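The chain contents come next:
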Amino acid sequence: MGTTGMTAVAYGEKNAQRIREVFSSSLVIAFFLGCLLIAFQKPLSVILLYIVGPDAAVRELALSYFGICIAGMPALLGTMVVSGWFIGMQSTFWPMVIAVGMNVLNILMSFLLVFPLNVGFEGVAYGTLTANYAGLAFSLLLARRLAPEGGLWSGWNRIFRVELLKRFFSVNSNIFLRSLCVMSVTLSVTAYGARLGSLTLASNAVIVQFFIFFSYFMDGYAFTGEALCGKYYGAGDVEGLKKTVRYLLRWSAGIAATFFLVYTVGWETVTSLLTDNVDVRNMVADYHVWIMLIPPFAVLAFIYDGFFIGITSTRPMLVATSIAVGVFFAVTLPAVNGLIEFNNDVLWGAFLGYLLVRGGILAWLWCRREKKRCF
């Protein structure tokens, strides 16, 4: 995300040297972080499994899957960097090609390893691992198509300039902490659902798919916001920036309204495509009102993230998310500890409330920024 914003601003400034520096620094740091995750995979797996708290059988499978997949973290983070750089360079076509290619390869390799080659459950993890490294190689080859004059690599002396690193970590540290906040909520939804029983856990996994499906569509508009807002911000075109925001808000409202309608009248059909288990379907039916509310409650959080990332102003994202996470845990922790009745309605109400608060605060901070003429 930070790579996208910084690249888009440099693109707007027509600064080829800065474009190279952002690409090179982001890639080196991504590889470094990926290697750190591999080095500390043991304590990471212990922490994550403690949070989720699966039963013994699931725990063993999770450890096996985690141990294989984490080996692909340098490649996965590197591919994310290149995709972010493409978006900052105003090209969303190639990130789509990379994402589709990686997913198709992942599916094919997983199927091949699990069934014809009889590798078993671990074959799915090896399929993902293969797709990650193939995706990185493919994305680096594609990046050469958009390379500025002078190529992609800026040289080691430029990568570690103090000014660049300070800006890089200023932008990305806020995003990193904000992402930790988001992950804490996502993990808690899974962990709390597990405490309510296996059937609730399975039903929540289906409901989460509705959220993820909506997020895929909204991510497209958020990425557009990152690219265009960054470009106009870097070029000093205030009117272009405001016009971009105005149109993207309208499109986002239209998408949210469309999904609200689809989820209102078609949630049963989608659920039947996601699971054939009758008990899971029946439990999803009990909570379908939360499915309907996902689009209107989540839309602002997605689109305003894109605006703030584009202009590389990431502190408001951290502030808004931190407050929203506080709201989530203010509702769920008393329930989990028995102070109030704990059920799935409380869990989903807290989750959607977190999304609404996060988006509302971001919208307020953006409007405040506009009034102060901070662009």
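All values derive from a computational prediction rather than experimental measurement. What you see as residue numbers is a count from 1 along each chain, following the sequence as written. Whole-chain, interface and lining totals are the exception, using all residues; otherwise, since this is a predicted model, local features are given only for residues with pLDDT of at least 70 and side-chain atom pairs are given and counted only at 80 or more. Based on all heavy atoms of the structure, the side-chain values leave hydrogens and waters out of the count.

> Mind laying out the packing of aromatic side chains, listing which residues take part and the relevant values?
Aromatic pairs are defined between Phe, Tyr and Trp rings, using the six-membered ring for Trp, whenever the two ring centres lie within 6.5 Å; interplanar angles under 30 degrees are classed as stacked, those over 60 as edge-to-face, and all others as tilted. Applying the stated criterion to the full structure yields 23 aromatic pairs. Both rings, one in phenylalanine 214 and one in phenylalanine 259, keep their centres 5.2 Å apart while their planes meet at 70°; by these two values the pair is edge-to-face. A residue pair is termed long-range when its members are at least 10 positions apart, and phenylalanine 214 in helix α10 (residues 198–235) and phenylalanine 259 in helix α11 (residues 238–274) qualify at 45 residues. Taken as a pair, phenylalanine 214 and phenylalanine 259 share a single burial class, namely buried. Numbering goes from the N terminus for both helices and strands, where a helix is a DSSP run of H or I of at least four residues and a strand is a run of E of at least two. A 1.4 Å probe rolled over the protein chains alone gives each residue an accessible area, and that area as a share of the maximum for its type sets the label: buried under 20%, exposed over 50%, partly exposed in between.

> Give me the environment of leucine 142: which residues, what numbers.
Within the element layout of this structure, leucine 142 appears in helix α7 (residues 122–143). With relative accessibility at 8%, the residue leucine 142 sits in the buried group.

> Give me the pattern of salt bridges: which residues, what numbers.
Each salt bridge in this description consists of a side-chain nitrogen of Lys or Arg and a carboxyl oxygen of Asp or Glu lying within 4 Å of one another. For the coordinates displayed, the defined rule picks out three salt bridges. Here glutamate 21 makes a salt bridge to arginine 18, at a shortest N to O gap of 3.3 Å. With glutamate 21 and arginine 18 both in helix α2 (residues 16–39), this residue pair falls three residues apart, about one helical turn. Judged by its relative accessible area of 1%, glutamate 21 is buried. The class of arginine 18 is partly exposed, set by a relative accessible area of 23%. One salt bridge in this structure joins aspartate 305 and arginine 358, with 2.9 Å as the shortest N-O distance. Placement of the pair is aspartate 305 in helix α13 (residues 288–310) and arginine 358 in helix α15 (residues 344–371), with a sequence separation of 53 residues. In this pair, the class of aspartate 305 matches that of arginine 358, namely buried.

> Let's hear about the packing of helix α14 (residues 315–336) against α15: which residues, and what values?
Lines fitted to the C-alpha atoms define the axes, with helices restricted to the stretch that makes contact. Angles between their N-to-C directions range from 0 to 180 degrees. Packing of α14 against α15 leaves a shortest axis separation of 8 Å and a crossing angle of 160°. Classified by the interaxial angle, the pair formed by α14 and α15 is roughly antiparallel. Of the two elements, α14 crosses α15, and the hand of that crossing is right-handed. Residues Pro316, Met317, Ala320, Thr321, Ile323, Ala324, Val325, Val327, Phe328, Val331, Thr332 and Ala335 of α14 pack against Val346, Leu347, Ala350, Phe351, Tyr354, Val357, Arg358, Ile361, Leu362 and Leu365 of α15. Three residue categories are used. Nonpolar comprises Ala, Val, Leu, Ile, Met, Phe, Trp, Tyr, Cys and Pro, charged comprises Asp, Glu, Lys and Arg, and polar comprises the others, including Gly. Residue composition of the contact of α14 with α15, by class: 19 nonpolar, two polar and one charged. Each angle gets one of four labels, with under 35 degrees taken as roughly parallel, over 145 as roughly antiparallel, 65 to 115 as roughly perpendicular, and the rest as oblique. By convention the crossing between two helices is left-handed if the near helix lies anticlockwise of the far one by an angle smaller than a right angle, and right-handed if it lies clockwise. Contact definition: two residues touch when any of their heavy atoms are within 4.5 Å.

> Quick one: what's the story with the state of the cysteines, residue by residue and with numbers?
Any cysteine sulfur atom paired with another within 2.5 Å is treated as part of a disulfide. This structure, assessed with the given rule, holds zero disulfides. Not engaged in a disulfide, the cysteine cysteine 35 finds its nearest cysteine sulfur in cysteine 69; these two sulfurs lie 17 Å apart. By relative accessible area, which is 45% here, cysteine 35 ends up partly exposed. With no disulfide of its own, cysteine 229 lies 13 Å from the sulfur of cysteine 367, the closest cysteine sulfur.

> Lay out helix α12 (residues 278–286) in plain terms, naming residues and giving numbers.
When we look at burial in α12, the residues that qualify are Val280, Met283 and Val284. On an axial view of α12, the arc spanned by its buried residues comes to 105°, and they lie on one face. Pointing more than 90 degrees away from the buried face of α12 are the exposed residues Val278 and Asp286. With a side-chain oxygen positioned 3.0 Å from the backbone nitrogen of aspartate 279, the residue opening α12 is asparagine 277. Note that the arc is defined by the directions from the helix axis to the C-beta atoms. What qualifies as a polar contact is a pair of N or O atoms within 3.5 Å, subject to a donor-acceptor requirement within protein and to the restriction that residues adjacent in sequence count only when both atoms come from side chains.

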